[in-house]
Amino acid sequence: MKQADNKATNRKRAAEGKGNSKRSAPATAGKSAGEQYNAGALTVLEGLRPVRVRPGMYIGDTDTKGLHHLLWEIIDNAIDEAANGYADQISVTLYEDGSVSVADNGRGMPVDLHPDKKVSGVELIFTQLHAGGKFDNKSYLISGGLHGVGASVVNALSEWLVAEVYRGGKRYRAEFHSYFDEAGEMVPGAVKKKLRQAGSTDKKGSFIHFKPDPRVFPHARLDNHTITQKLRELAYLNAGLTIVCEDRRQPEGQRQVVFSFAGGLADFVRYHNRGKAAAYPDPIVIKGESEGVSVEVALQHTDAYSESILSYVNNIRTGEGGTHETGLKMALTKVLNTAAREGGYLKEKEENYAGEDFREGMSAVLLVKMRDPQFEGQTKTKLGNVSVKTAVEAVVSEQFSRYVQNIRHEAVLKVILDKARQARQVREAAQRANALARQKSSLDVISLVGKFAPCIGRDPAVNELFIVEGDSAGGSAKQGRDRNFQAILPLKGKPLNSEKRRLDQILSNEEIRSIITALGTGIGKDFSPGALRYGKVIILADADQDGAHIRALLLTFFYRYMRPLLAAGHIYIGRPPLYRLETRGAKKEVRYAYSDQESERYSAEMGRGVTITRYKGLGEMNPGLLWETTLHPAHRTLIRVSIEDAAEAEQLVSVLMGDNAEVRKEYIVEHANFNRTDAFSKKMEKVT
Amino acid sequence: MKQKHLTDQSIILEQTMEQVMHNSMMPFSEFVILERALPRVEDGLKPVQRRVLYVMLEQGLAPDKPFRKSANIVGETMAKYHPHGDASIYDTMVRLAQDFSMRTPLVEGNGNFGSMDGDPPAAYRYTEARLSPAALSLMEHLDKETVSWSLNFDDTRREPDVFPAGFPNLLINGATGIAVGFSTNIPPHHPAEVIDGVAAYLNRPKLTLRELRQIVRGPDFPTGGIISNGEDLEALYEGGAGKLVLRAKATVETLPDGKPAIVITEFPFQTNKAELLARVLEHAQSRKEIIAQISDIRDESDRTGVRAVIELKKDCDAERLLAYLYRYTDLQKNYYVNMTAIADGKPRQMGLLELVRRYAEFRQTVERRRVEFDLKEALARAEVLEGLSIAAQHIDRVIQIIKTSKTPAVAKERLMETFGLSERQASAILDMRLRRITQLEAEEVEQELAAVRALVAELEGILASPAKLNAVIRASLAEIKKKLKGPRQTEILYGHVEEEVGRDAFKTVEDTVVYVDENSCLHRVSEKTFENLIKTTEIPPELVVMTKTNATLLVFGEKGNCYALKVEAIPEGKSKDKGSIPEKLMADFVDKQVLCLCDRDATDPGEKLLFVTQMGMVKCSAFEEYVIRRTKFESIVLVEGDRLVYVGRRLPGRHLELTDAADKKKVWRDPVKVTGRKTRGNKVGRLAVGQRFVSGRQV
């Protein structure tokens, strides 16, 4: 019957992750489907099927991020056992077949039968959405996962899942799988073998081994680096917890990593600061509780110029900050200003220091544990609970005052206050310099006459600014652009390394000043991202290694001093062509390739007799060519730069561009591939 | 104006900052490390240097040929091999020609190529250059397939990846460079020593570092100078990094007019002579006692050599002053060695033994390839000669075959068949000139053939025997050694003990007076000024101290703090000067008022100090308890809210007279018990409620 056929097709489509909203109406021939919208047209997805139909709702997407989310869910459950004091070791293993397992030595999932549902706790956890121990605050005081939804979601999206529980001296095992039944319907996360005893053991805890279904995640792979970074972070956040990560896909000898940090947050801060010189030997550690909120902070100042606060709520990273960060900052400012007055570091007539003065060069990790956190913000990573601000403030004020008054910490206090004094001086000097620069450039863009070529239009949404390497390229760009909406700013030489300089030194650099003026946003205190004159700020450098360096230097500047522009996606990298392929003779054809792979592909397609020229610099191209391949909005490709992992970005910028050459050397030794030969020349060698 | 814009159909690729930073900096770093700033261990050259020299070789700029305009060389290097700025190419070439930068210059320059004083070289349109003989040795046998080649940047030409390196250039000329994460600083060495070192290694690969160091004694700078920490060389050469202490070569002479002078004939490597002398003068001028010793600093260098003279005053202790200058100016400076070069395609820090080994092994490879190439050519030649020889012996038959063949190809076939010749031989015969069949020429062919066969045997022998190969290398090295001869320039001292010269060695100690005025500001004046001052102003004795310029004072504040302050830190002034506020001289000064000054070192430790507080506590403590090394410490333990009102040295036979807020006076006659520094003292009898003392004195 028609109805049944549709049902089957729909279910099949559902299994593959495709959804449908309406089906054609049943048994009413002649009338159109839309007119027949009654209850029979509604689909009820039962069991775990909703997960397969709309995986995005549960894990965000079905790409790499979503794939890892599965793993995070299972790990979160294990972490919760540890956070509540029942487990002290977690092992994560990546297998060659793409499956992964998580084991903990906690209490082990419940194996007895649920009084109402009459199935074992394990099966309930994995097959029922909205089943879990995290709703009543009795079994879990504090949790970070999807509140009971996680495990079943993972099962639903896995090809198979094996759960073992070690409890009371016995070993239990249950198996689940996702399969197509005879009707072609996808049955996700079904029980393959019910939970039964499978022997005895002296272990305790849970072991979950699952294989994400390649039908749901066709392209994504579990990334060793991503996972180890996350595990490292979790180990720092849960002091005393040992996390073992074994990746069997790696060659022998590089498989296992163990993370265990007795020092918890203090160790985290130390790790975070490893590319910089610490201003005093030991991080300051604050631990306390107030109104049901547990607060833990570790902070340490370094000789860097910017501040970095990594905040977490129940092990979840709050990248957009929130009330807890506010509380921390206010408490620090208050305590330090008081200490400064008392210790005579602030004279009577002098004003208090601003909070940012104290935070210059400070790295801090803040971990708050509470029930019912509310997340706000664009990406839902901002803590909104108002009560947390007072709680954090109270704990930090009390403990930090005590720390600061302790004579043994006098040296540390002196270092912090000296830094604050310097920071204030710099801030005030920069303000004066800024005011001066603004005065000078109150004629605004006129001060850039000669180098900068503005565009005619004034609509920021449409306008684009190209920051171009060198006058030679600048000339081509100026001639090749569309002057209605494309502005060109040529940069002479390599821009200044903003990582190694303070704001006032940066402001005295002419190239940086011209960038700031051209963008229109001001800088430092006066920075207003809303005043940006261009929807796109595009870095256009040569395709060679010095061009790469210039890209890195400019990005460092934007990252340090104009981060909102990066976060909002305004910063782009232009992609000039690398090769020109031309065939003469009967079939004249010219094509441009933007990468080595493209070049090889085109060269194969174009057949024999193809001449390949390689572009070493933008100045080599005619203006018209530059327009067609790189500037023209219909033909060009741009790379938009975003910040995904702020902590990682911070690390990278400070290691690669900062003052510490030793750390940079280590990084280079670890990642550089000195044996890489130039593919293009190798190819040419064969030809000539 | 109405803006018409093109619809934006750009393809947007997303990349994270983390990815872009990594993908930008890594290739850049790799490039700078491998292809810019660091030299290769085999030939000791950075890519830009190699390219300049190769261009000069291609242009045929041998030492016996005329010079050629630098612009020509620079332009061709830039066009053919080095797609970067012209300035860096020219600077590179200039440096290769400077005899104060290179232990063995590789370029001979004509014109102004810069000087030790930092004068810039003339522009490249003026100067001319050509290769030096050493450079030829470095590039010898390049054309014999001895090294690997790569395509240049636009894939139109080939350039060598490394030179055959006839001599160990890396160690002899050294290198400096800053890459990303890596850097290098290899000092130059004496050519003969290094060559002998390599030869010794070839003789016996099990050579130890110690044995090697008997031969390679240490760095040898073209500018000479003295290395004064020779004993640190062992460790330095072992690990490849360490500190060298370089000093200028200076002697003390007596000038014709009888005055002593320090004469400097050699400067530390890579030091700007003019700048150094200017800085010495600056340093001297900033210190009274030093400039007092010096009457003139002159640079007397000319075409005969380097010579700088520091003329001294008649009774100056020249040796001591020289020691002072070594210690506190750049006449002696630290040179941080970091022997990093590219080996096996990666940057690597290496010790002396490894550098020698790698060069020797490379040299063996190069030599082997050269011999193989020569052998190949010799065999080819032998083949041809054999053919010719056979032809000569059977010339009639040969001619007959050729005559009766329809085409050259047929002739070739038949010749090959008849005499069992190879194609090459047959071709050579067909191409033979008739003159070859004269007796003389035929004989010559036989002679040459014999010679070539001998050569082939010799070459094969070399290839078969590593010992013979080594011998060939050693012989070639010996040849080059002759070209690079010259004595050692830098002297190495072992177990040299730094002369002990304090910063204030020349400071004369004078008498001076320090006092505190009513605003608690400190003044330092001469005795004479003070004598005049007290005629008009009264200053309590507690606030005056007659002391010397090298003394340390103790400053007592009302909060119970005591500070140590050096007399020389107080600026000297006249009586009308405002003086210095305590916070300016002592960073940690937190009191409001200075109550007393004492000379820490000149006061008899047996003396006692009296303290009186506002609330009537009196303490007496021994002075020696205050002679401690701290800059700030407690002088008394005060009760909350209390403060000192009087501090002074106890004068025997006097009593304490205390004045309170209401101007009532109280005299304390009882002896005060002596207690420790950090004590409270005793109460001065009973005070009325709210009674506070404001001052005291001994009467």
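No experiment lies behind these values; they were computed from the predicted model shown. (Residues numbered from 1 in each chain as written. Chains lettered and ligands numbered in written order. Predicted model: local features only at pLDDT ≥ 70, side-chain atom pairs only at ≥ 80, totals over all residues. Heavy atoms only, no water.)

Here's the deal with the state of the cysteines
Residues and elements named next belong to chain B. What counts, and what does not: Throughout, a disulfide means two cysteine sulfur atoms within 2.5 Å of one another. With a 1.4 Å probe rolled over the protein chains alone, any residue whose accessible area is under 20% of its type maximum counts as buried; one over 50% counts as exposed, and the rest are partly exposed.
Summed over all chains, the structure comprises zero disulfides over all chains. With no disulfide partner, Cys-598 has as its closest neighbouring cysteine sulfur the one in Cys-596, 3.8 Å distant. When its relative accessible area of 3% is taken as the criterion, Cys-598 is described as buried.

Describing the interface of chain B and chain A
Basically, it comes down to this: In this analysis, two residues are considered to be in contact whenever any of their non-hydrogen atoms come within 4.5 Å of each other. Buried area: the accessible area, evaluated with a 1.4 Å probe, that two parts lose upon being put together, summed over both parts. Put simply, a salt bridge is a Lys or Arg side-chain nitrogen that is within 4 Å of an Asp or Glu carboxyl oxygen. Two N or O atoms form a polar contact when they lie within 3.5 Å of each other; inside protein one atom must be a possible hydrogen donor and the other a possible acceptor, and for residues adjacent in sequence the pair counts only when both atoms belong to side chains. By the criteria applied, helices consist of DSSP H or I runs no shorter than four residues and strands consist of E runs no shorter than two, each listed in order from the N terminus. Any residue outside Ala, Val, Leu, Ile, Met, Phe, Trp, Tyr, Cys, Pro, Asp, Glu, Lys and Arg is labelled polar, Gly included; the first ten of those are nonpolar and the last four are charged. Only when DSSP finds a minimum of two bridges between them are two strands counted as paired.
Taken together, the contact pairs 43 residues of chain B with 62 residues of chain A. Between chain B and chain A, the buried area comes to about 4,400 Å², and carbon and sulfur atoms account for 65% of it. Connecting chain B to chain A are two salt bridges. Across the pair Arg-640 of chain A and Glu-14 of chain B runs a salt bridge whose closest N-O atoms are separated by 2.7 Å. Counting across the interface, chain B meets chain A through 14 residue pairs in polar contact (both at pLDDT 80 or more). Going through the elements one at a time, β1 (11-16), α1 (17-37), β5 (149-151) and β17 (346-349) of chain B are the ones with two or more residues in the side of chain B that touches chain A. With 16 residues, the single largest contributor to the side of chain B that touches chain A is α1 of chain B. For the side of chain B that touches chain A, the residue count by class is 21 nonpolar, 14 polar and eight charged. Note: strand β23 (residues 637-642) of chain A against β1 of chain B, six bridges, orientation parallel.

A few points about the nonpolar core
The condition is simple: Joining through side-chain atoms within 4.5 Å is the link that ties buried Ala, Val, Leu, Ile, Met, Phe, Trp, Tyr and Cys residues into a set, and such a set is a nonpolar core.
Core analysis: the biggest nonpolar cluster contains 101 residues, and Leu-53 and Leu-106 of chain B have the highest contact counts within it. The leading source of residues in this core is helix α13 (residues 352-393) of chain B, at 15 residues. Beyond its immediate stretch of four places on either side in the chain, Leu-106 of chain B contacts Leu-45, Leu-53, Leu-96, Leu-131, Ser-132, Ala-134, Ala-135, Leu-138, Phe-167, Asn-169 and Asn-173 of chain B. Leu-496 and Ile-523 of chain A together with Phe-182 and Ile-342 of chain B belong to the second largest nonpolar core, which has 65 residues in total.

A closer look at the pairing of strand β8 (residues 183-186) of chain B
Within a regular strand, the side chains alternate between the two sheet faces. All names here are of chain B. Taken together, the four bridges between strand β7 (residues 175-178) and β8 define a ladder with antiparallel strand orientation. Within β8, the residue paired with Gly-177 across the bridge is Thr-184. The turn joining β7 and β8, which pair antiparallel and follow one another in sequence, is formed by four residues; a positive phi near 80 degrees is taken by Gly-181.

A word on the pattern of salt bridges
Side-chain pairs of opposite charge can arise where the charged atoms are in close proximity. Under the definition given, this model contains 77 salt bridges over all chains. We note a salt bridge from Arg-421 of chain A to Glu-350 of chain A, for which the minimum N-O separation is 3.4 Å. A residue pair is termed long-range when its members are at least 10 positions apart, and Arg-421 of chain A in helix α12 (residues 410-440) and Glu-350 of chain A in the loop between α9 (323-342) and α10 (355-359) qualify at 71 residues. Judged by relative accessible area, Glu-350 of chain A falls into the partly exposed class, the value being 24%. Notably, a salt bridge pairs Asp-196 of chain B with Lys-481 of chain B, separated by 2.7 Å at the nearest N-O pair. One end of the pair, Asp-196 of chain B, is in helix α7 (residues 191-203); the other, Lys-481 of chain B, is in helix α18 (residues 466-483), and 285 residues separate them in sequence. Residue classification places Asp-196 of chain B among the partly exposed residues on the basis of a relative accessible area of 30%. Judged by its relative accessible area of 27%, Lys-481 of chain B falls in the partly exposed class. Through salt bridges with shared partners, one network takes in Glu-253, Lys-259, Asp-296, Arg-298, Glu-300, Arg-307 and Glu-311 of chain B.

So, the packing of aromatic side chains
Geometry of an aromatic ring pair is reported as the spacing of the ring centres plus the angle between the planes. Just so we agree on the cut-off: Pairing of aromatic rings covers Phe, Tyr and the six-membered ring of Trp, with a centre-to-centre limit of 6.5 Å; geometry is then stacked below 30 degrees between planes, edge-to-face above 60, and tilted otherwise. Here, a charge over a ring is recorded when the distance from Lys NZ or Arg CZ to the ring centre is within 6 Å and its angle to the ring normal is within 35 degrees.
Considering all chains together, one arrives at 23 aromatic pairs over all chains under this definition. Taken together, the ring pairs connect Tyr-236, Phe-259, Phe-261, Phe-268, Tyr-271 and Tyr-312 of chain A into an aromatic cluster. Sitting over the face of the ring of Tyr-312 of chain A, Arg-317 of chain A holds its NZ or CZ atom 5.9 Å from the ring centroid. Over the ring of Phe-611 of chain B we find Lys-619 of chain B; its NZ or CZ atom is 4.6 Å from the centre of that ring.

Considerations on the confidence of the model for chain B
Residue and element names in this part refer to chain B. Applied cut-off: Confidence per residue, as judged by the predictor, is encoded in pLDDT with a range of 0 to 100.
With 99% of its residues at a pLDDT of at least 70, chain B reaches an overall mean of 89. Mean pLDDT in chain B bottoms out at helix α11 (residues 288-291), which sits at 78, and peaks at helix α2 (residues 47-58), which reaches 97. Note on the complex model: pTM 0.64, ipTM 0.72.

A look at the sheet that holds strand β4 (residues 128-131) of chain B
Residue and element names in this part refer to chain B. Strand order in the open sheet formed by three strands is β2-β4-β3, with antiparallel pairing between adjacent strands. In this open sheet, the two strands that pair with only one neighbour each are β2 (68-69) and β3 (107-110). Pairing between β2 and β4: two bridges, direction antiparallel. Looking at β4, one finds that Arg-68 is bridged to Ala-129.

A word on the pairing of strand β1 (residues 89-94) of chain A
All names here are of chain A. When β1 meets strand β7 (residues 242-247), the two strands line up parallel, connected through six bridges. Directly across from Thr-93, in β7, lies its bridge partner Glu-246. Looking at chain direction, β1 and strand β2 (residues 100-104) are connected through five bridges and run antiparallel. Note on β2: the bridge partner recorded for Ile-90 is Asp-104. Hairpin connection of β1 to β2: five residues between the antiparallel strands, including Gly-98 at a positive phi of 90 degrees.

Quick word on the sheet that holds strand β13 (residues 294-299) of chain B
Residue and element names in this part refer to chain B. Keep this limit in mind: In this analysis, axes come from line fits to C-alpha atoms, helices being fitted only over the stretch in contact, and the angle between any two N-to-C directions falls in the range 0 to 180 degrees.
Read across the sheet, four strands follow the order β11-β12-β14-β13 without closing on themselves; strand pairing throughout is antiparallel. Single-partner strands in this sheet number two, and they are β11 (249-254) and β13. Averaged over all adjacent pairs, the angle separating strand axes in this sheet is 20 degrees, with direction ignored. For β11 and strand β12 (residues 260-266), the ladder comprises six bridges, and the chain directions are antiparallel. Note on β12: the bridge partner recorded for Thr-251 is Val-263. Along the sheet, helix α10 (residues 273-286) contacts β13 and β14 (308-312); its crossing angle with β13, the most-contacted strand, is approximately 170 degrees. Contacting β11, β12, β13 and β14, helix α12 (residues 318-328) runs over the sheet at an angle of about 155 degrees to β11.

Details of unusual backbone geometry
Unusually for a residue other than glycine, Asn-315 of chain A sits at a positive phi of about 70 degrees. Take Asn-315 of chain A: it is sitting in the loop between β11 (308-313) and β12 (316-317). For Ala-165 of chain B, which is not glycine, the phi torsion reads 55 degrees and is therefore positive. Note that Ala-165 of chain B resides in the loop between β6 (158-160) and α6 (169-173).

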